[in-house]
Amino acid sequence: MKRAAFILVATLVGPTWLAAQTPLDEQKPAAANGGVEIENLAGSVKVVGWGEAAVRVTGTLAPGAKLEFDASGSRTAIEVDVDDDNPLEAVSDLEIHVPAASQVEIEGVHLDVDVTGVTGTVDAETVQGQKVSIKTDDEGVMIDNARVVATDIMASNGVIHVIDTVILPGEE
């Protein structure tokens, strides 16, 4: 009987939680090699380069979060705005299609990032606030002046990617 009650509660509560997520599907015209700035504090951002002169945002927003999506001239800005006491608990998951030659900048704190098909530069902000530039070429991936030499090494607290040189924090 207890199991049946739990299943009933889970069935009733589950759809309510799912309904609290806000689905997204918005698209705006964008310059083929323009800048795309993305800010999402927590969750995931998947950026996909494509052949369209547009930026498309799909995914889900955390309950109470709002998407600010502005495209003007050669700049597109995408920001998840969270009005919450603990914004890192407001998890939003975005998939963003950008013109392949875009210059992409991504900011977040507790964020999984995946970028594919982008031939322009990708700048990301580290936990310490330093910006790093990520580029791909025929030989692989570069982070600033360091080449990625091994990827996807599983650790107990995450995934490790090995680079061939030390990246020192920038001077302020």
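Scroll up to find the structure this text is about.
Given the structure is predicted, the values throughout are model-derived calculations rather than measurements.

Chemist: Looking at this model, I keep getting lost on the overall build of the chain. Mind explaining?
Modeler: A tally of helices and strands in the chain yields one helix and 14 strands. Taken across its 172 residues, the chain has 28% of its residues classed as buried. A separation threshold of at least 6 residues defines the contact pool for the chain, and within that pool the share at least 24 residues apart is 59%.

Chemist: I tried to follow unusual backbone geometry on my own but got confused; where do I start?
Modeler: The bulk of non-glycine residues show a negative phi, and the bulk of peptide bonds are trans. Even without being a glycine, aspartate 144 presents a positive backbone phi close to 50°. Within the secondary structure layout, aspartate 144 lies in the loop between β12 (140-143) and β13 (146-155). Relative accessible area serves as the criterion here: at 26%, aspartate 144 is assigned to the partly exposed category.

Chemist: Sorry, what's going on with a negative patch on the surface here?
Modeler: Negative charge collects at one region of the surface, where Glu68, Asp81, Asp83 and Asp85 lie side by side. By secondary structure assignment, the location of aspartate 83 is in the loop between β6 (75-81) and β7 (92-99).

Chemist: Please explain a nonpolar patch on the surface as it appears in this structure.
Modeler: On the surface, Val149, Ile153, Ile160 and Val162 cluster together into a nonpolar patch covering about 290 Å² of accessible area. At the level of elements, β13 and β14 (158-163) are the ones that each hand at least two residues to the nonpolar patch. Residue classification places isoleucine 160 among the partly exposed residues on the basis of a relative accessible area of 39%.

Chemist: For this particular structure, what's the right way to read the sheet that holds strand β11 (residues 131-137)?
Modeler: Pairing between sheet strands relies on hydrogen bonds along the backbone, with the strands arranged either parallel or antiparallel. One open sheet accounts for nine strands, arranged β5-β6-β2-β8-β10-β11-β12-β13-β14; its pairing is mixed. Because the sheet does not close on itself, it has two edges, and the strands there are β5 (66-72) and β14. Taken pair by pair, the neighbouring strands of this sheet meet at an average axis angle of 25°, ignoring direction. Where strand β8 (residues 103-107) lies against strand β10 (residues 122-125), three bridges are found, and the strand directions are parallel.

Chemist: Mind showing me how you'd approach the nonpolar core here?
Modeler: The tendency in soluble globular proteins is for nonpolar side chains to be buried as a group. In terms of nonpolar packing, the biggest core is built from 24 residues, with Ile38, Val55, Val57, Ile78 and Ile96 touching the most fellow members. Breaking this core down by element, the ones donating at least two residues are β2 (35-39), β3 (42-50), β4 (54-61), β5, β6, β7 and β8. With sequence-adjacent residues up to four places away left out, isoleucine 38 is seen in contact with Val45, Val47, Ile78, Ile96, Val104, Glu105, Ile106 and Glu107.

Chemist: Explain the side chain of glutamine 21 here, please?
Modeler: The topology assignment puts glutamine 21 in the loop between α1 (2-20) and β1 (22-29). Residues in contact with glutamine 21, not counting those within four places in the same chain, are Thr60, Leu61, Ala62, Pro63 and Val91.

Chemist: Explain the side chain of histidine 97 to me, please; I cannot follow it from the model alone.
Modeler: Relative to the helices and strands, histidine 97 is located in strand β7. When near neighbours in sequence (up to four residues on either side) are disregarded, histidine 97 contacts Val48, Trp50, Ala54, Val55 and Arg56.

Chemist: I'm lost on the pattern of salt bridges in this one. Help?
Modeler: Should the charged atoms of two oppositely charged side chains come close, the side chains can pair. Counted by the stated rule, this structure contains seven salt bridges. Here aspartate 25 makes a salt bridge to arginine 56, at a shortest N to O gap of 2.9 Å. Remark: arginine 56 occurs in strand β4 and aspartate 25 occurs in strand β1; sequence separation between them is 31 residues. Residues lysine 131 and glutamate 105 are paired through a salt bridge, measuring 2.7 Å at the closest nitrogen-oxygen approach. Residue lysine 131 is located in strand β11, and its partner glutamate 105 is located in strand β8; the two are separated by 26 residues in the primary sequence. Residue classification places lysine 131 among the partly exposed residues on the basis of a relative accessible area of 39%. One salt-bridge network, in which partners are shared between bridges, spans Glu105, Glu107, Glu125 and Lys131.

Here is what the cut-offs are and how they apply
- Residues numbered from 1 in each chain as written.
- Predicted model: local features only at pLDDT ≥ 70, side-chain atom pairs only at ≥ 80, totals over all residues.
- Heavy atoms only, no water.
- Helix = DSSP H or I, 4+ residues; strand = E, 2+ residues; numbered from the N terminus.
- Buried < 20%, exposed > 50% of the residue type's maximum accessible area, 1.4 Å probe, protein only.
- Contact = heavy atoms within 4.5 Å.
- Patch = residues over 30% accessible without salt bridge, like charges linked within 9 Å, V, L, I, M, F, W, Y side chains within 5 Å.
- Areas by Shrake-Rupley, 256 points an atom, 1.4 Å probe, with all protein chains shown as cover.
- Salt bridge = Lys/Arg side-chain N within 4 Å of Asp/Glu carboxyl O.
- Lys, Arg positive; Asp, Glu negative; His and termini not counted.
- Charge placed at Lys NZ, Arg CZ, Asp CG, Glu CD.
- Pairing = 2+ DSSP bridges.
- Axes fitted to C-alpha atoms, helices over the stretch in contact; angles between N-to-C directions.
- Core = buried A, V, L, I, M, F, W, Y, C linked by side-chain atoms within 4.5 Å.

In short, shape yes, function no, at least from these values alone.
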